[in-house]
Amino acid sequence: AAITNHLPTAELQALDAAHHMHPFTTNNELAAKGARIITRADGVYLTDSEGNHIMDGMAGLWCVNIGYGRGELADVAARQMRELPFYNTFFMTSHAPVIALAAKIAELAPAHLNHVFFAGSGSEANDTNIRMVRTYWTQKGKPSKSIIISRKNAYHGSSVGSGSLGGMTPMHAQGGLPIPDIHHIDQPNWWAEGGSATPEDFGLQRAQELEKAILELGEDRVAAFIAEPIQGAGGVIVPPSTYWPEIQRICDKYEILLIADEVICGFGRTGEWFGSTTVGIKPDIMTIAKGLSSGYQPIGGSIVSDEVAEVMNACEFNHGYTYSGHPVASAVALENLRIMEDESLLDHVRNVAAPALAEMWHGLGDHPMVGETKIVGMMASLALTPDKDSRAKFAADAGTAGYMTRERSFANNLIMRHVYDRMVISPPLIITPEEITEMGKRARTALDESY
Ligand code: PLP
C-alpha cells in the first residue's frame, strides 16, 4: 500500500486540512468537506479510500493519456533510478535518456521542429518560451520585439510568466500578474460571444483581432503570438474553421513567431501527435508537458524550429531548471511514447475511441439543459444553457449549473470538470467503447440530477 493508505479516511482528511495547501482551492471549504482521498488507479478508473470506483473523465488533469496502472513505466523508472537517478544537463553534460527522448520528440514533431529545451512542467516551459522568443529577436538585432500576444481565457500555466501569458482574470487579480509586455486579444468562443455572426465570420473577426493588435502595438514591438490549438482549461473552446488559417496568415505576414501551446493537445489528444497538425498550423515553438509522460513523471519542454534553434544555439541562453531533462522523467516519457507507438494508440483514438466518444457526447445534446456539444479527438465540451435557441447563460449566479453538474457527476462516480457553465471531458486515450457508453450514462444522470 502507498505510504499512508492504511490510515482511516477521516484521519487523512484531518491531516490534509491541517497541513496541505491545495492549488486552485479554497482550502477552508475543502477542510469543511474533507478531501476525497484517491488511493489507486487502473485503466480509466480511480479507487478512493472508501472503496468507490470512479471513472476518470479527465485523465487526471488532461494528462494520463495511456491510462493508469502501466507497470512498464514503473519498471523503467526503478531501473533508471538505480542506474542514474539524477544528473543535470547544464555545463556541457548529458545522458542517454534525455538524448534519446529529444531525438524521439524531434522524430514525432512536424519536420521543421527538431530541437527540445526541457523543463519540469508546462508552466516552466512557457516561461522558457517568453525568454526564448525575446532573446531570439534580440539576437537578430531587433530587441524592441518583446511583446507577446495571447488570448483572454487562455491557460498557459500558473508561474508568474506563464500565468501572465494566460488570460484568466481570477489569476490576474492576484499577485501582480501580468508582467509587462503581454497583450491579450479575445478568444474565438462563438457560443458565448459570437452574437448573431455565423461561426465562420466570427472566427475570422476574432483572428483579425491579432492583426489589429499588431498594427496598434507596432509590428516592430511584437515578438510572438501564443495559443492553444484548442483551448482546454478555458472550456474546450473549438475555434471556427476560419480561425487558424487566418492566424497563420497574419503571423507569416508580420514575422511574428507562433507558439502553439500543446500541453493538452499534444501526444494524441486530438487524434494526431500534435494539435497543430489537426488545426493545420506551422508553429515556430510548441510547448509540451502532460501527455509526454502520461503524467507518470513531471516533465515538459519547448520544441523549437530549426530557424529559431539556429539563432538560439549561437548564444548562451542563461536559462534552465535543475530538472531540465531529468533522467528518470526522460526515461519514463520515452517508455510512454514507445507504448503509444507499439500499441498504435493514435489509431485507437482515430478509429475507435474518438468516434464512440463523439457519438456519446453529441447524444447528450438532446438534454434540455445542453446547448452546443463540441469535440475534437478526445477532448470535448458542452455548454449548459437555460435556452438553447438564444444561447442564454444561467444569469443569476454564473457557474452554478456547471458546479452542480460537476458535483452530481462526482456523486455518480464520474469525474467531469466544469468551467463556469461548460462541462468538459478529456478521458484517457485507451478508453473502450463500452466504458464510453458507461460514461455517457453517468453524465446523463448528472445532468438530470442538476436540471
Ligand atoms: N499550458 C496548457 C495549455 C495547460 O493546459 C497547462 C496546464 O493545464 C499548462 C500550460 C501548465 O502546465 P503545468 O500545470 O504542467 O505547469
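Here is what the cut-offs are and how they apply
Residues numbered from 1 in each chain as written. Predicted model: local features only at pLDDT ≥ 70, side-chain atom pairs only at ≥ 80, totals over all residues. UniProt positions renumbered as here; feature names shortened; annotations may be inferred. Near = placed C-beta within 6 Å. Helix = DSSP H or I, 4+ residues; strand = E, 2+ residues; numbered from the N terminus. Nonpolar A, V, L, I, M, F, W, Y, C, P; charged D, E, K, R; others polar. Core = buried A, V, L, I, M, F, W, Y, C linked by C-beta atoms within 7 Å. Buried ≥ 20, exposed ≤ 12 C-beta atoms within 10 Å, placed from the backbone. Domains from an automatic or database assignment. Contact = placed C-beta atoms within 7 Å. Axes fitted to C-alpha atoms, helices over the stretch in contact; angles between N-to-C directions. Parallel < 35°, antiparallel > 145°, perpendicular 65-115°, else oblique. Left-handed = near helix turned anticlockwise from the far one by under 90°. Pairing = 2+ DSSP bridges. Bend = angle between axes of the 7 residues up to and from the residue.

Per an unreviewed UniProt entry, the protein chain goes by Beta-alanine--pyruvate aminotransferase and derives from Pseudosulfitobacter pseudonitzschiae. On record in UniProt, under Cofactor (unreviewed entry), the comment for the protein chain is "pyridoxal 5'-phosphate". UniProt, in the comment section headed Sequence similarities (unreviewed entry), describes the protein chain in these words: "Belongs to the class-III pyridoxal-phosphate-dependent aminotransferase family."

Another aspect to go through is the site of the ligand. The environment of the ligand is formed by 17 residues, the closest being Ser121, Gly122, Ser123, Gly157 and Val263. Among the elements that take part in the shell around the ligand, helix 6 (residues 122–139) stands out by supplying three residues, more than any other. Of the residues assigned to the shell around the ligand, the class counts are six nonpolar, nine polar and two charged.

Below, the discussion takes up the nonpolar core. Formed by 121 residues in total, the largest nonpolar core has its most connected members in Val133, Ile148, Ala224, Phe225, Ile303 and Leu357. If you count residues domain by domain, this core takes at least three from each of domain 1 (36–66 + 344–450) and domain 2 (73–342). Residues in contact with Leu357, not counting those within four places in the same chain, are Ile375, Met378, Ala380 and Ile436.

Looking now at the packing of helix 4 (residues 71–83) against helix 14 (residues 327–342). Running from amino to carboxyl end, helix 4 crosses helix 14 at an angle of 150°, the nearest separation of the two axes being 9 Å. When the axis of helix 4 is compared with that of helix 14, the two are roughly antiparallel. Along this stretch, helix 4 crosses helix 14, giving a crossing that reads as right-handed. Here helix 4 contributes Glu72, Leu73, Val76, Ala77, Gln80 and Met81 to the contact with helix 14, which in turn contributes Pro327, Val328, Ala331, Val332, Glu335, Asn336 and Ile339. The class makeup of the residues in the contact of helix 4 with helix 14 is nine nonpolar, two polar and two charged.

With that settled, consider the sheet that holds strand 4 (residues 113–119). Pairing within the open sheet is mixed, and its seven strands lie in the order 4-10-9-8-7-5-6. Strands with a single pairing partner mark the edges of an open sheet, and in this sheet they are strand 4 and strand 6 (182–185). Pairs of neighbouring strands in the sheet enclose a mean axial angle of 25°, with direction left out of account. Against the sheet, helix 5 (residues 96–108) makes contact with strand 4 and strand 10 (300–305), and its axis sits at roughly 135° relative to strand 4, the strand it touches most. With respect to the sheet, helix 10 (residues 199–217) is in contact with strand 5 (147–151), strand 6 and strand 7 (222–227), its orientation differing from that of strand 6 by roughly 145°.

Let us now look at the environment of Trp361. Tracing the backbone shows Trp361 in helix 15 (residues 345–363). Trp361 sits 72 residues away from Pro433 along the chain, and the two C-alpha atoms are 12 Å apart.

Let's shift gears to the domain arrangement of the protein chain. One frequently used descriptor of interface size is the decrease in accessible area upon assembly of the parts. Domains assigned within the protein chain are domain 1 (36–66 + 344–450) and domain 2 (73–342). The distance between the C-alpha centroids of domain 1 and domain 2 comes to 26 Å. Taken together, the 27 residues of domain 1 in the interface contact 22 residues of domain 2. If you list the elements that add at least two residues to the side of domain 1 that touches domain 2, you get helix 3 (59–62), helix 15, strand 11 (370–376), strand 12 (379–384) and strand 15 (422–425). Of the residues belonging to the side of domain 1 that touches domain 2, the class tally is 16 nonpolar, six polar and five charged.

It is worth spelling out the sheet that holds strand 11 at this point. Here four strands make up an open sheet; going across it, the order is 11-12-15-14 and the pairing antiparallel. For this open sheet the edge positions go to strand 11 and strand 14 (417–419), each flanked by a neighbour on one side alone. Ignoring strand direction, the axes of neighbouring strands in this sheet form an average angle of 25°. Bridging between strand 12 and strand 15 involves four bridges; their strand directions are antiparallel. Note on strand 15: the bridge partner recorded for Ser381 is Val424.

Let us now look at the pairing of strand 10. In terms of residue burial, strand 10 counts as a mostly covered element, since six of its six residues are buried. Here strand 10 shows a buried face lined by Gly300, Ser302 and Val304 and a second buried face lined by Gly301, Ile303 and Ser305. Here six bridges tie strand 4 to strand 10, and the two strands are oriented antiparallel to one another. Of the residues in strand 10, the one forming a bridge with Leu113 is Ser305.

Here the focus is helix 15. Along helix 15, the helix axis deviates most sharply at Ala353, where the bend reaches about 40°; the proline Pro355 sits within four residues downstream. Of all the positions in helix 15, only Leu345, Val349, Ala353, Ala354, Leu357, Met360 and Trp361 are classed as buried.

Excluding glycine, residues mostly have negative phi values, and the peptide bonds linking residues are mostly trans. Here Leu177 and Pro178 are connected by a cis peptide whose omega angle stands at -5°. You can see Pro178 is positioned in the loop between helix 8 (169–172) and strand 6. Positive phi, normally seen in glycine, also occurs at Lys290, with a value near 35°. When you line up the elements, Lys290 lands in the loop between strand 9 (285–288) and strand 10. For Lys290, a count of 28 C-beta atoms within 10 Å translates into the label buried. Even without being glycine, Arg391 reaches a positive phi, approximately 55°. Looking at the secondary structure, you find Arg391 in the loop between strand 12 and helix 16 (400–411).

Before going further, it helps to examine the environment of Asp42. Turning to its location among the elements, Asp42 is positioned in strand 1 (residues 38–42). Residue Asp42 is classed as exposed on the basis of its C-beta count, with 12 C-beta atoms lying within 10 Å. Sequence separation between Asp42 and Leu215 is 173 residues, and the spatial gap between their C-alpha atoms is 52 Å. If we ignore the near neighbours within four places in the chain, the residues touching Asp42 are Tyr68 and Gly69.

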